[in-house]
Amino acid sequence: MVYSNVMDLVRAVLQLKNEISLLPPEEYILVVKNVGLSLRKLIGSVDEILPILPAASRTEVGPGRRERGPAWGRVLVSPLSVTPACHGQIEGTQKLLNKDLADLINKMRLAQQNAVTSLSEECKRQMLTASHTLAVDAKNLLDAVDQAKVQANLVKLCLE
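Residues numbered from 1 in each chain as written. Predicted model: local features only at pLDDT ≥ 70, side-chain atom pairs only at ≥ 80, totals over all residues. Heavy atoms only, no water.

As named in an unreviewed UniProt entry, the chain is Focal AT domain-containing protein, taken from Mycteria americana.

Right under this line is the structure:
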């Protein structure tokens, strides 16, 4: 469920990327709202799974070896790159995602305010950067949840 919600969020970010140059400034809110709703679904799905993860198995993704996974070129973090931490890591990443969304909203407002100025393109670029950051942090949340599941023996890790 978490994976499909991350993919929905990434699709919403891609929609923003593809439509931002075509939309009038007053309609930026529609694509940003779609990103926000996708994020809400993602965080809700993580909140549902959090109680079944033992506190000792919840993880922080640290530096380590990364491998290509079978699903859509998804990158899986190998167990060698996991350090034990409390569930605060997953919750911390959720808070970071909320900050990322707030940043995207602020960039959207700037883009709307500067739509008829020479700063218009720069503001749109900043919106795209903020949305990209949000998508990357969502992927990091997925990695943290996946590793917590592995450590809790809720899934088996298949290294090919």
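Don't stop here, the text continues.
Engineer: Would you take a moment to explain the nonpolar core for this structure?
Structural biologist: It is characteristic of soluble globular proteins that their nonpolar side chains tend to be buried jointly. Counting 37 residues, the largest nonpolar core has Val-35, Leu-42, Ile-90 and Met-127 as its most contacted members. Counting only elements with at least two residues in this core, the list comes to helix H1 (2–19), helix H2 (28–49), helix H3 (88–113) and helix H4 (120–151). Ranked by residues supplied to this core, first place goes to H4 with 11 residues. The residues touching Met-127, leaving out its near neighbours within four places in the chain, are Leu-16, Ile-20, Tyr-28, Val-32, Leu-104, Lys-107, Met-108 and Ala-111. (Core = buried A, V, L, I, M, F, W, Y, C linked by side-chain atoms within 4.5 Å. Buried < 20%, exposed > 50% of the residue type's maximum accessible area, 1.4 Å probe, protein only. Helix = DSSP H or I, 4+ residues; strand = E, 2+ residues; numbered from the N terminus. Contact = heavy atoms within 4.5 Å.)

Engineer: Honestly, H3 in this entry has me stumped. Any pointers?
Structural biologist: For H3, which comprises 26 residues, the first-to-last C-alpha distance of 37 Å matches the rise-based estimate of 38 Å (1.5 Å per residue) to within 8%. By the burial criterion, the buried members of H3 are Ile-90, Thr-93, Gln-94, Leu-97, Asp-100, Leu-101, Leu-104, Met-108 and Ala-111. (Expected span 1.5 Å × (residues − 1).)

Engineer: How should a nonpolar patch on the surface be read in this particular structure?
Structural biologist: A grouping of Ile-52, Leu-154 and Val-155 is seen on the molecular surface, where their side chains present a nonpolar patch of about 250 Å² in accessible area. Counting through the fold element by element, Val-155 comes out in the segment after H4. (Patch = residues over 30% accessible without salt bridge, like charges linked within 9 Å, V, L, I, M, F, W, Y side chains within 5 Å. Areas by Shrake-Rupley, 256 points an atom, 1.4 Å probe, with all protein chains shown as cover. Salt bridge = Lys/Arg side-chain N within 4 Å of Asp/Glu carboxyl O.)

Engineer: Could you clarify how one ought to interpret the environment of Glu-122 in this entry?
Structural biologist: Mapped onto the elements of the fold, Glu-122 is located in helix H4. For Glu-122 and Ala-111, which are 11 residues apart along the polypeptide, the C-alpha to C-alpha distance reads 8.2 Å.

Engineer: Explain the pattern of salt bridges here, please?
Structural biologist: Two side chains that carry opposite charge are able to pair once their charged atoms sit near each other. Under the definition given, this model contains 5 salt bridges. When the shortest N-O distance is used, the salt bridge between Glu-121 and Lys-124 registers 3.6 Å. Of the two residues, Glu-121 and Lys-124 both sit in helix H4, 3 residues apart, roughly one turn of that helix. When its relative accessible area of 12% is taken as the criterion, Lys-124 is described as buried. Connected through shared salt-bridge partners, Asp-8, Arg-11 and Lys-41 make up one network.

Engineer: Which parts of the structure should I look at to understand the side chain of Ser-38?
Structural biologist: Note on placement: Ser-38 falls in helix H2. Overall, Ser-38 belongs to the buried group, its relative accessible area being 10%. Discounting residues that sit within four places of it in the chain, Ser-38 has contacts with Asp-8, Leu-9 and Ala-12.

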